[in-house]
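# Fold and geometry: a report
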Amino acid sequence: MATHNLLLLPGDGIGPEVMAEVKRLIDWMNRHDLGRFEHEEALVGGACYDAHGVAITEDTMEKAKAADAIIFGAVGGPKWDKVPYEARPEAGLLRLRKDLALFANIRPAICYPALAESSSLRREVVDGLDIVILRELTGGVYFGEPKTITDLGNGQKRAVDTQVYDTYEIERIARVAFELARKRRNKVTSMEKRNVMKTGVLWHEVVDEVHRRGFADVTLEHQLADAGGMQLVRWPKQFDVIVTDNLFGDMLSDVAAMLTGSLGMLPSASLGETDAKTRKRRALYEPVHGSAPDIAGKGLANPIAMIASFAMALRYSFDMGKAADLIDQAIAAALAKGLRTADIKSEGATVVGTRAMGEAILAEMERLERA
Ligand SMILES: NC(=O)c1ccc[n+]([C@@H]2O[C@H](COP(=O)([O-])OP(=O)(O)OC[C@H]3O[C@@H](n4cnc5c(N)ncnc54)[C@H](O)[C@@H]3O)[C@@H](O)[C@H]2O)c1
């Protein structure tokens with residue numbers, strides 16, 4: 001069995017609290033021979049600023065580059081509101097994304113049957129939902145140049161952002177989409193605005209070409225991003241993998257997130273290119289939520305997003321789909337038993353804290369593993 005080297009970056013606020021549950025899960029898997037993991041831990045965000053005056057150290061960057069996967073908690077909080085811009089907690093995460101060239105952001109939107117009531121949509125629309133939004137993360141309008149505000153001298157200003165995509169950027173995200181779909185229900189929906197944007201025209205053309213050249217076995221459909229947004233709340237179960245650019249992905253993934261209820265439930269993965277020699281791919285796994293300063297230190301945080309992020313690492317970095325399924329089933333089973341952290345509580349449920357939820361998920365894994 002191969003040994004997988006993990007770098008754990010718990011960060012700030014509830015980050016260390018939810019990461020503690022992942023550490024217990026890793027120990028459990030090592031003990032049960034379900035994998036062989038070694039892990040190192042380092043500071044990031046405000047915690048790193050307090051110790052070293054930067055949001056991430058060079059030493060930690062080196063460790064991140066060498067790790068098989070990075071498991072990231074959350075950064076930030078009011079304590080660091082006034083630190084210099086380049087040392088703000090988020091700078092640590094942005095540097096990791098940039099230096100490791102993590103261009104593919106995968107956000108599953110899964111609605112556990114036990115939580116269907118907490119969605120704003122009707123139960124039958126979301127119950128059992130399992131889709132993925134794949135967002136291009138390092139290009140497009142957030143990074144394109146020029147990006148300026150110019151004083152026109154006549155009492156007016158002009159703001160310019162530039163939406164720009166090169167063929168290779170679209171090709172590589174399209175490949176990730178088709179590969180993902182092959183491991184799921186084999187369908188990709190590509191979303192852009194080719195009716196009004198040149199980048200949309202190129203996006204559409206390149207996705208078609210990648211499909212034709214190597215992935216003709218996968219069903220491909222195209223939707224305009226505005227119509228796609230509408231479909232996402234009308235009948236989300238029609239989708240499997242949605243692939244889209246940085247801007248549309250930012251919005252559509254937040255919409256998809258709300259289909260499922262709470263921020264405390266949502267994992268994510270950010271992947272880089274596969275190294276031609278080692279066949280390994282740089283990858284960072286993190287919950288979608290932030291450091292939740294309002295509940296930090298109280299043992300109330302929901303650890304499910306963090307635990308499900310670790311399950312994504314098993315699936316996408318280590319090809320351990322079965323073990324990832326086991327974790328996902330254990331989460332569903334703990335919820336089905338009526339256990340809830342405060343953020344997802346409902347009538348008749350038993351409200352538990354971070355540790356108890358982590359323990360309940362481990363107990364379900366133990367049970368499922370023996371079955
Ligand atoms: N990737 C990241 O590290 C990341 C992402 C978003 C925000 N942030 C930072 O986090 C800090 C707080 O930001 P925010 O309040 O806008 O967003 P947040 O996600 O931290 O919290 C939003 C709300 O959701 C609740 N919540 C979030 N995660 C939860 C969990 N696991 N269990 C239970 N409740 C949970 C919080 O208590 C809060 O009421 C800020 O400094 C922000 O910059 C970091």
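Data block above holds the structure.
These lines cover the structure that appears in this document, whether it is placed above or below. This structure is a prediction, so every number in the text was calculated from the model and none was measured. (Residues numbered from 1 in each chain as written. Predicted model: local features only at pLDDT ≥ 70, side-chain atom pairs only at ≥ 80, totals over all residues. Heavy atoms only, no water.)

Another point: the site of the ligand. Around the ligand sit 20 residues in total, of which Glu-90, Gly-290, Ala-292, Asp-294 and Asn-302 are the nearest. One of the backbone N or O atoms of Val-75 is found 2.9 Å from an oxygen atom in the ligand. A distance of 2.9 Å is found between a nitrogen atom of the ligand and a backbone nitrogen or oxygen belonging to Asn-302. Protein chains shield 67% of the accessible area of the ligand, which is 800 Å² for the free molecule. Looking at the shell around the ligand residue by residue, the class counts come to nine nonpolar, seven polar and four charged. (Near = heavy atom within 4 Å. Polar contact = N/O pair within 3.5 Å; in protein donor to acceptor, adjacent residues only side chain to side chain. Areas by Shrake-Rupley, 256 points an atom, 1.4 Å probe, with all protein chains shown as cover. Nonpolar A, V, L, I, M, F, W, Y, C, P; charged D, E, K, R; others polar.)

We now examine the side chain of Thr-341. Relative to the elements of secondary structure, Thr-341 occurs in the loop between strand 13 (339-340) and strand 14 (350-351). At 2.7 Å, the side chain of Thr-341 forms a polar contact with the side chain of Asp-343. Leaving out residues up to four positions away in the same chain, Thr-341 has contacts with Leu-300, Ala-301, Asn-302, Pro-303, Val-351, Val-352, Gly-353 and Met-357. (Helix = DSSP H or I, 4+ residues; strand = E, 2+ residues; numbered from the N terminus. Contact = heavy atoms within 4.5 Å.)

Attention shifts here to the nonpolar core. Core analysis: the largest hydrophobic core is formed by 73 residues, its most contacted members being Met-29, Leu-134, Tyr-285, Phe-310, Leu-314 and Ile-327. Broken down by element, the residue count for this core peaks at 10 residues, all from helix 10 (residues 304-316). With residues up to four places along the chain from it excluded, the contact list for Tyr-285 reads Ala-69, Ile-70, Ile-71, Phe-72, Ser-268, Ala-269, Leu-271, Ser-309, Met-312, Ala-313, Tyr-316 and Ser-317. Within the second largest apolar cluster, 17 residues are counted, among which are Ala-109, Ile-131, Ile-133 and Phe-239. (Core = buried A, V, L, I, M, F, W, Y, C linked by side-chain atoms within 4.5 Å. Buried < 20%, exposed > 50% of the residue type's maximum accessible area, 1.4 Å probe, protein only.)

We now examine the pattern of salt bridges. Counting across every chain of the model gives 33 salt bridges. When the shortest N-O distance is used, the salt bridge between Asp-50 and Lys-79 registers 2.6 Å. Of this pair, Asp-50 sits in helix 2 (residues 46-52) while Lys-79 is found in the loop between strand 3 (69-74) and helix 4 (89-99), placing the two residues 29 residues apart along the sequence. Take Asp-50: its relative accessible area is 42%, and that puts it in the partly exposed class. Lys-147 is the salt-bridge partner of Asp-161, the closest N and O atoms lying 2.8 Å from each other. Of this pair, Asp-161 sits in strand 7 (residues 157-162) while Lys-147 sits in strand 6 (residues 144-151), and the two are 14 residues apart along the sequence. Lys-147 gets classed as partly exposed once you look at its relative accessible area, which sits at 37%. Residues joined in a network through salt bridges with shared partners are Glu-21, Arg-24, Arg-355 and Glu-359. (Salt bridge = Lys/Arg side-chain N within 4 Å of Asp/Glu carboxyl O.)

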